[in-house]
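Notes for the structure review
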Amino acid sequence: MPDPRDLTEIDTPAPLVDVDQMHANLRRAAEYCRAHGLAWRPHAKTHKSPSLAAAQVKAGAVGVTVATPREAEVMADAVDDILLAYPPIGAPKLRRLMALPERVRLTVGLDSAEALRGLSDAAREAGRTVGVLVEVDAGMGRVGLQTPGEAVALARAAADAPAIEYRGVMFYPGHVRGNVGGQDEAIRALSDRVSSFVDALSAAGLPPQVVSGGSTPTFWRSHEVRGLTEVRPGTNIFNDRTTSEIGACGWDECAYSVLATVVSTAVPGQAVVDAGSKALAKEEIRAETVGFGALLDRPEVLVKSVSEEHGLLDLSRTDWRPRVGDRVRIVPNHVCVSVNLHERVYGVRGEQVVDAWNVAARGR
């Protein structure tokens, strides 16, 4: 079946991307990285599309970051340089990684000797060399080595391991989620902690070629982290409600929305749309507000609750009264999770559909 040509032909709920705004977001990210001498390696988990990964590389990215073997397999169709920022544990995952095309420069982030041994054995058996970034905990407390001494020990093991090339360190500052203008103390602490690992590695004769970190919430302050060489934002290709609420983008820089249809206005003070948790995701916003999304053209109208197929719009702060059959665009709290719920994303310019991308890297 051919893709629809305009929005009236799209069945709802459906994910839309304003292509002009998306490319503006890419240009802005690339310009920031060039201005500060940072390599830009966006995380492909947000869009999961090889076509969009190729667009990021065309805009200036050095490669992409992925989280799963499936993402690596899909992105290898369009990109020659991939960082798997997740330790591949177990033979099935390792076999899939080793089967990537030989032209792909593969790097893996890990934080254990066990993961390193498995990767080394698989790479040696496959006859290829794989890079390693030693993952350190920059404050989130999820994964990553805790002390510089531990990082030095694992880096030395990586440098000595067969079929492995030690390339540096990585971290994820996922604990820094406050408003961009209020991140001063958190960024200073992050910079000091990352520097302690980099300094220890350098003193041990293992200076990191790559110091990879960053996130969309901290992206515009990445240059303040001493020693950082590479950034890995994901969300900012599209942006979302959270990104806007914390000041990491303007509301008009949100390129992604979910097209939904009003299906009920029977209950006073609300309207119900056909986009629920299976279209928007049921992820609470990481900011000082409530709800599961907001209307793109009426951000005061919030999605106050969701069930699987229903989204409830709160009309208490607007004079707008929709009618059954009206269509709205909803900016979700977290775009990455929403995209993963759909098979296809439509690129639009105004009311016209100008492109479409399969969410090819869904699954594991």
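Refer to the structure printed above.
Basis of the calculations
- Residues numbered from 1 in each chain as written.
- Predicted model: local features only at pLDDT ≥ 70, side-chain atom pairs only at ≥ 80, totals over all residues.
- Heavy atoms only, no water.
- Helix = DSSP H or I, 4+ residues; strand = E, 2+ residues; numbered from the N terminus.
- Buried < 20%, exposed > 50% of the residue type's maximum accessible area, 1.4 Å probe, protein only.
- Contact = heavy atoms within 4.5 Å.
- Areas by Shrake-Rupley, 256 points an atom, 1.4 Å probe, with all protein chains shown as cover.
- Lys, Arg positive; Asp, Glu negative; His and termini not counted.
- Charge placed at Lys NZ, Arg CZ, Asp CG, Glu CD.
- Pairing = 2+ DSSP bridges.
- Right-handed = clockwise from strand over helix to strand, strands pointing away.

The subject of this paragraph is the overall build of the chain. Secondary structure assignment for the chain yields nine helices and 17 strands. Referenced to the eigenvectors of the C-alpha coordinate spread, the extents of the chain come out at roughly 70 × 50 × 35 Å. Buried positions account for 55% of the 364 residues belonging to the chain. Summarising the internal contacts of the chain: among those between residues at least 6 apart in sequence, 68% fall at separations of at least 24. Of the roughly 15400 Å² that the chain leaves accessible, carbon and sulfur atoms contribute 48%. Side-chain charges in the chain split into 41 positive and 46 negative, and the spacing between the mean points of these groups amounts to 2 Å.

Where burial is concerned, the two faces of strand β4 (residues 81-84) agree: the one with Asp81 and Leu83 and the one with Ile82 and Leu84 are both buried. The sheet contact formed by strand β3 (residues 64-66) and β4 spans three bridges and is parallel. Bridging from a neighbouring strand, Thr65 pairs with Leu83 of β4. Each parallel crossover has a hand, and for β3 linked through helix α3 (residues 69-75) to β4 it is right-handed. Here β4 pairs with strand β5 (residues 105-110) via four bridges, running parallel. Note on β5: the bridge partner recorded for Asp81 is Arg105. Crossover β4 to β5 through helix α4 (residues 91-98) is right-handed.

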